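# Close look at the chain arrangement
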Protein chains: 2
Amino acid sequence: MPKIVLIPVTEFDRVRAAATEQCEKLALVSDMCRANALASVKRAGSGHLGSSFSSLDIVTMLYYSEMNTARLGVDHADRDIYFSSKGHDVPGLYAVLFSLGILPKEKFIKLRRLQGTYGHPDVSTPGMEANTGSLGMGISKAKGMALAKSLRQRRGRIFVMTGDGELQEGQIYEALQTAVHQKIHNLTVIIDHNKVQSDKPVSEIVDLGDLAAKLRAFGWHVARCDGHDFRQLENVFAQFRAVADKPKILIADTVKGRGVSFMEHPTALRSGGGIYRWHSGAPDDQAYTDAHEEIVKRINNRLARAGMSPLMFEEIPSEEKGPGSVSREYVADAFGEALAEIAAEREDLVVLDADLSADCRLRAFELKYPERFIENGIAEQDMVSMAGGLALQGLLPVVNTFASFLAARANEQIYNNACEQTRIIYVCHYAGLVPAGPGQSHQSIRDISLFGALPNFVIIEPCNAAETRMALKYCVHEAKENCVLRLVIGPSPRVVSLPPDYQFTPGRGAVLTEGEDGVLFAYGPVMLHEALLAAEVLREERFNLKVVNMPWLNRIDHQWLEEVIGLCQKVCVLDDHSPVGGLGDVILDALAGSGLLAARRFKKFGVEGYPACGTPQEALRYHGLDGATLACRLRSERDLKCNGE
Amino acid sequence: MPKIVLIPVTEFDRVRAAATEQCEKLALVSDMCRANALASVKRAGSGHLGSSFSSLDIVTMLYYSEMNTARLGVDHADRDIYFSSKGHDVPGLYAVLFSLGILPKEKFIKLRRLQGTYGHPDVSTPGMEANTGSLGMGISKAKGMALAKSLRQRRGRIFVMTGDGELQEGQIYEALQTAVHQKIHNLTVIIDHNKVQSDKPVSEIVDLGDLAAKLRAFGWHVARCDGHDFRQLENVFAQFRAVADKPKILIADTVKGRGVSFMEHPTALRSGGGIYRWHSGAPDDQAYTDAHEEIVKRINNRLARAGMSPLMFEEIPSEEKGPGSVSREYVADAFGEALAEIAAEREDLVVLDADLSADCRLRAFELKYPERFIENGIAEQDMVSMAGGLALQGLLPVVNTFASFLAARANEQIYNNACEQTRIIYVCHYAGLVPAGPGQSHQSIRDISLFGALPNFVIIEPCNAAETRMALKYCVHEAKENCVLRLVIGPSPRVVSLPPDYQFTPGRGAVLTEGEDGVLFAYGPVMLHEALLAAEVLREERFNLKVVNMPWLNRIDHQWLEEVIGLCQKVCVLDDHSPVGGLGDVILDALAGSGLLAARRFKKFGVEGYPACGTPQEALRYHGLDGATLACRLRSERDLKCNGE
């Protein structure tokens with residue numbers, strides 16, 4: 001890991017105080033923020049650089065020149081309000097807020113860490129005006145803020161940034177339409193038109209057509225300029241100030257990865273063979289060093305031209321990330337491989353994607369069966385209803401995106417499809433609490449409950465690669481109902497080993513460790529790892545915990561349940577989900593229905609409250625779901641005290 | 001009730017066989033279908049006439065002239081496919097399918113009845129190609145069907161009808177955008193542009209602006225014509241047949257209520273003082289008679305001009321609707337009155353609506369506080385996120401629409417708002433199984449589960465007008481968290497009487513009937529009525545059932561629970577909801593957590609499977625939730641047999 005250095009606030013003060021021309025100054029500050037954003041992402045080990053860099057010049061210009069926010073303070077009722085609807089460009093915004101002294105250093109350097117800053121905006125962070133990260137909501141929220149300001153006679157303007165891929169979300173057009181009708185004129189939208197989505201050009205995923213014509217047709221005042229040219233930006237905002245009878249929208253032509261030659265999208269797409277690799281994730285050590293040097297060199301040249309001395313840095317202390325066991329296994333990889341295999345035998349199988357082909361491991365299928373791969377862009381509702389139409393015509397759609405976007409945003413469309421009694425496989429990727437870096441918008445701890453009340457649905461979460469293949473085969477070949485396949489996106493902390501004779505049978509799981517003092521049902525690689533850790537701790541205290549892998553989240557074989565519980569008087573369930581509406585409730589229901597509960601003690605463990613942002617270990621520990629704390633909680637279940645309790 | 005008559009299929013055959021000019025023939029058939037649609041709605045006691053009439057000429061033209069469906073049969077793989085995305089115009093479509101012999105008479109005359117036809121399209125009905133009724137999904141589904149046809153080498157075109165108010169839903173624009181990018185060219189959309197939404201002009205709710213320009217900007221081939229002029233329609237469709245490189249969309253200018261002078265919107269809006277009253281609901285006897293006479297007179301004049309004899313009718317047997325007790329009370333009325341009252345003391349209270357102001361009883365507030373009433377049109381996601389922005393600026397938003405549209409479609413937006421730790425009141429109107437006439441798209445039996453896993457939410461359903469006022473006051477004045485107010489939309493079967501000393505206290509309900517043989521927890525006027533009926537039946541058998549009103553659907557006061565259960569060994573819960581994720585699970589969880597379950601027997605009653613369409617009595621009976629069947633099921637809980645079991 002190379003030494004990570006920060007440009008301290010004092011350096012920004014020095015530049016602000018300098019008698020440099022304004023646009024030159026903005027360019028300097030923006031690059032200094034680039035360097036700091038880069039450092040924070042490298043330190044975090046993840047984060048979105050591509051769109052932080054494409055939007056940074058605009059954000060800098062807003063806070064340093066256009067808005068009154070820095071002057072009045074971020075809590076002033078009359079402040080101008082800025083937030084990003086896409087949200088993943090927040091490392092750049094944090095860097096700007098840090099440079100202005102709004103975001104304290106100790107928070108800024110702890111990107112995606114507990115007590116630090118969230119991977120996507122959260123209002124608990126100084127300077128953050130809205131929670132975003134799930135796409136398409138920003139303009140609607142801004143409308144509410146603008147109307148509230150007028151109702152409460154508050155001054156200040158509302159600025160909201162959107163992505164261009166984000167313009168595939170239907171809510172955007174609801175908001176464009178209602179804003180005009182509701183006469184919300186104190187609103188400026190800036191489209192960071194960097195031309196690239198998660199890893200491909202917008203024009204390839206779902207082209208936006210004549211964007212300016214579209215926006216004008218919705219009745220907005222539309223302008224377009226180079227989003228990296230401060231003079232052009234100033235002119236546009238000056239022009240906008242004169243437009244009082246319409247909401248305003250700027251199409252800012254930007255470059256994804258702007259400011260680091262090899263991350264800029266024209267170059268990066270070429271070198272990546274059409275795939276852009278700098279949307280998310282931290283650069284490796286070499287790329288970080290090269291990028292940092294390139295930015296700093298440019299800054300120092302500017303400083304020299306202005307007759308100023310070179311940048312001073314301070315080193316950021318590197319931080320212990322905690323042990324966090326990691327194996328080479330990704331259940332998502334197994335899913336992607338199995339999907340491409342199965343597709344060979346099943347010509348009726350079609351795959352739908354919402355611009356997450358790589359994350360959902362669909363690329364193998366996409367390349368092998370392009371005619372059966374349906375890229376739908378960031379339009380989950382349209383994707384799900386389209387799947388409904390495909391199913392009505394006798395095909396078997398496999399619908400993919402992140403769990404939180406699929407189960408929540410397209411919930412009514414899923415219900416509507418279900419009412420048609422067709423069969424669809426919904427794959428909820430990125431299910432559960434971890435990775436916890438991206439924050440609440442991405443962590444999915446409600447999806448089981450969102451599918452739970454749908455009749456004729458089976459919900460499955462496999463614990464390892466082998467079980468993932470079994471689960472997908474079951475969903476495609478054997479299931480008679482709609483299927484939900486819930487998959488952890490990160491690496492398995494350990495490869496959970498299933499019994500050699502394990503059969504994937506509806507309603508029946510597998511005992512992983514024998515024990516008679518208590519039974520703990522869990523599922524998925526993340527929570528089973530913690531459950532097994534807890535069992536190891538407890539075994540040393542002669543408390544033998546039976547850990548059971550239960551991949552069937554809404555189906556219980558009562559006979560099996562009775563056998564598994566055996567003589568255990570303590571029955572516990574560990575959910576990678578809220579304790580409401582998860583496996584815990586399903587097992588309790590089965591116990592009560594079959595009289596198995598009787599005098600036994602029953603306990604649910606799950607993700608209480610809103611999911612914490614941080615490393616996997618931080619988040620698990622925060623929610624009391626790491627092996628050690630679980631052991632302690634299970635211990636207290638047998639009426640011993642926990643340390644510190 | 002006037003005599004209700006049907007124009008039999010033989011009459012349609014006679015007209016089809018006649019040597020009349022085609023457009024004249026279409027006009028005749030369309031009016032004959034109008035008369036039959038009117039009769040079916042009058043007989044059902046509810047249904048949507050306004051848009052059935054505005055779309056009927058187009059639907060007639062499609063099935064009688066443009067499409068191959070009637071010729072090939074509705075199950076032929078190469079058939080042309082038509083369906084309505086808005087779906088509430090289905091009485092008109094049923095009439096056309098009946099006229100063609102596709103929909104059997106015994107089903108057609110049983111609109112909104114069990115074993116008849118659904119209030120909104122359902123694929124189990126002959127000729128129905130998709131389930132619709134929740135708005136905005138149709139074009140997406142049509143895309144799937146069109147793509148499936150090409151993947152499966154099937155012939156036939158896809159036609160889908162949308163409303164104009166429906167164009168406020170964002171999913172429409174997702175589909176418009178993806179259809180062009182995905183090159184779905186075998187797709188024709190027809191906008192029934194009748195200018196009126198649920199009871200006001202589209203231009204007043206959320207204006208669509210320059211619609212043609214909008215649609216062109218999305219890259220569609222756009223045409224516009226008079227949707228009641230068959231010659232113009234034929235020309236447009238002929239022109240569309242020649243367009244192979246784009247999806248096609250027709251803006252059909254129509255008149256809501258077309259064909260009945262006093263229902264046609266220009267007239268009806270005038271006579272209604274700006275409010276259109278023929279969108280939904282059956283006409284009274286006089287209006288029915290006048291409308292029917294007007295249509296029949298026009299038909300007979302046409303027949304005479306064609307030298308044909310007047311229409312023959314057959315009488316439709318009127319049908320027993322079952323007892324179905326009804327009081328004068330509507331909890332929704334109490335909500336609307338209390339809302340307007342409370343708003344006087346609370347200037348921070350703002351009300352949001354999604355084009356259901358009358359149904360949600362918001363009109364009193366709307367007229368009294370226009371500046372604090374936010375009409376958002378049929379754009380639930382935008383409405384909810386806008387409420388989030390209002391809350392961030394310190395206002396208290398009260399968000400209103402039907403439960404199934406709010407809890408499901410805007411679920412992710414609700415979660416996003418919740419993550420900001422603001423406070424919003426979500427009012428889920430039309431919650432539960434009944435009224436069951438509109439069908440699955442409108443019946444809400446999953447909303448408790450959709451909110452259940454959200455931390456910091458309290459979910460309340462009041463049982464009568466008085467408790468509704470208490471509940472709203474609690475949500476506004478006392479609650480510290482987000483609130484969900486779940487309201488039945490229909491009349492209360494009886495006015496549930498609460499104890500004179502009843503206090504509305506978090507986690508505590510009220511005992512309605514004393515008993516020691518078993519306790520049944522229920523909520524809301526509909527299910528409590530059935531619970532009380534069951535108790536009355538059982539009391540005659542010396543089984544004393546304690547019926548408890550429990551308005552707190554996710555909060556239990558354990559001490560109260562223990563007191564209420566007392567010595568009862570049987571604990572039952574009746575949910576106006578799926579048995580998964582409802583009050584039953586919450587009470588079971590409380591019982592298991594507090595050791596109260598022990599040797600007691602626990603039983604959940606709820607809406608199993610998908611909700612049935614029919615009269616309230618039919619639906620309740622179908623799900624085994626009517627008082628008599630409940631008594632029987634409770635009896636079998638004490639190990640006696642049910643009749644016929």
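Residues numbered from 1 in each chain as written. Chains lettered and ligands numbered in written order. Predicted model: local features only at pLDDT ≥ 70, side-chain atom pairs only at ≥ 80, totals over all residues. Heavy atoms only, no water.

### Brief notes about the overall build of chain A
For chain A, the helix and strand inventory stands at 25 helices and 18 strands. Principal-axis analysis of the C-alpha atoms places the extent of chain A at approximately 80 × 60 × 50 Å. For chain A, with 645 residues in total, the buried portion stands at 68%. In chain A, the share of contacts with a sequence separation of at least 24, taken over all contacts with a separation of at least 6, comes to 77%. Across chain A, the centroid of the 70 positively charged side chains sits 5 Å from that of the 81 negatively charged ones. (Helix = DSSP H or I, 4+ residues; strand = E, 2+ residues; numbered from the N terminus. Buried < 20%, exposed > 50% of the residue type's maximum accessible area, 1.4 Å probe, protein only. Contact = heavy atoms within 4.5 Å. Lys, Arg positive; Asp, Glu negative; His and termini not counted. Charge placed at Lys NZ, Arg CZ, Asp CG, Glu CD.)

### Structural notes on the domain arrangement of chain A
Residue and element names in this part refer to chain A. Each assigned domain of chain A is listed with its residue range as follows: domain 1 (5-315), domain 2 (331-486) and domain 3 (511-638). Computed over C-alpha atoms, the centres of domain 1 and domain 2 are 33 Å apart. Taken together, the contact pairs 23 residues of domain 1 with 17 residues of domain 2. On the domain 1 side of the interface with domain 2, the three residues burying the most area are H120, E169 and I205, jointly 28% of the side's total. Applying the counting rule to domain 1 against domain 2 returns three salt bridges. E366 is paired through a salt bridge with K200; the nearest N and O atoms lie 2.7 Å apart. Run the count over domain 1 and domain 2 and you get twelve residue pairs in polar contact (both at pLDDT 80 or more). (Domains from an automatic or database assignment. Buried area = accessible area lost by both parts, 1.4 Å probe. Salt bridge = Lys/Arg side-chain N within 4 Å of Asp/Glu carboxyl O. Polar contact = N/O pair within 3.5 Å; in protein donor to acceptor, adjacent residues only side chain to side chain.)

### Here's the deal with the side chain of R486 of chain B
Residue and element names in this part refer to chain B. Summarising the element assignment, R486 is placed in strand 13 (residues 482-486). R486 sits in the buried class, given a relative accessible area of 0%. Of note is the side chain of R486, whose polar atom sits 2.5 Å from the side chain of D447.

### Here's the deal with helix 14 (residues 331-345) of chain B
Compared with an ideal rise of 1.5 Å per residue, which puts 15 residues at 21 Å, helix 14 of chain B spans 22 Å between its outermost C-alpha atoms and is within 8% of the ideal. By the burial criterion, the buried members of helix 14 of chain B are V331, A332, A334, F335, G336, A338, L339, A340, I342 and A343 of chain B. (Expected span 1.5 Å × (residues − 1).)

### A word on the pattern of salt bridges
Should their charged atoms come close, side chains of opposite charge can pair. The full count for this structure, using the stated rule, is 84 salt bridges over all chains. Salt-bridge contacts for K546 of chain B lead to E514 of chain B; the nearest nitrogen and oxygen are separated by 4.0 Å. With a gap of 32 residues between them, K546 of chain B in strand 16 (residues 545-549) and E514 of chain B in the loop between strand 14 (510-513) and strand 15 (518-522) connect regions that are remote in the sequence. Three or more residues joined by partner-sharing salt bridges are found here, namely E24, D31, R34, D57, E294, R298, R302 and R305 of chain A.

### Some points on the nonpolar core
F521 of chain A together with F521 of chain B are the most contacted members of the largest nonpolar core, which has 311 residues in total. Not counting residues within four places of it along the chain, the set of residues in contact with F521 of chain A comprises V548, M550, W560, L561, V564, I565, V571, C572, V573, L574, L583 and I587 of chain A. Listed in part, the 74 residues of the second largest apolar core include I7, A27, M32 and V236 of chain A. (Core = buried A, V, L, I, M, F, W, Y, C linked by side-chain atoms within 4.5 Å.)

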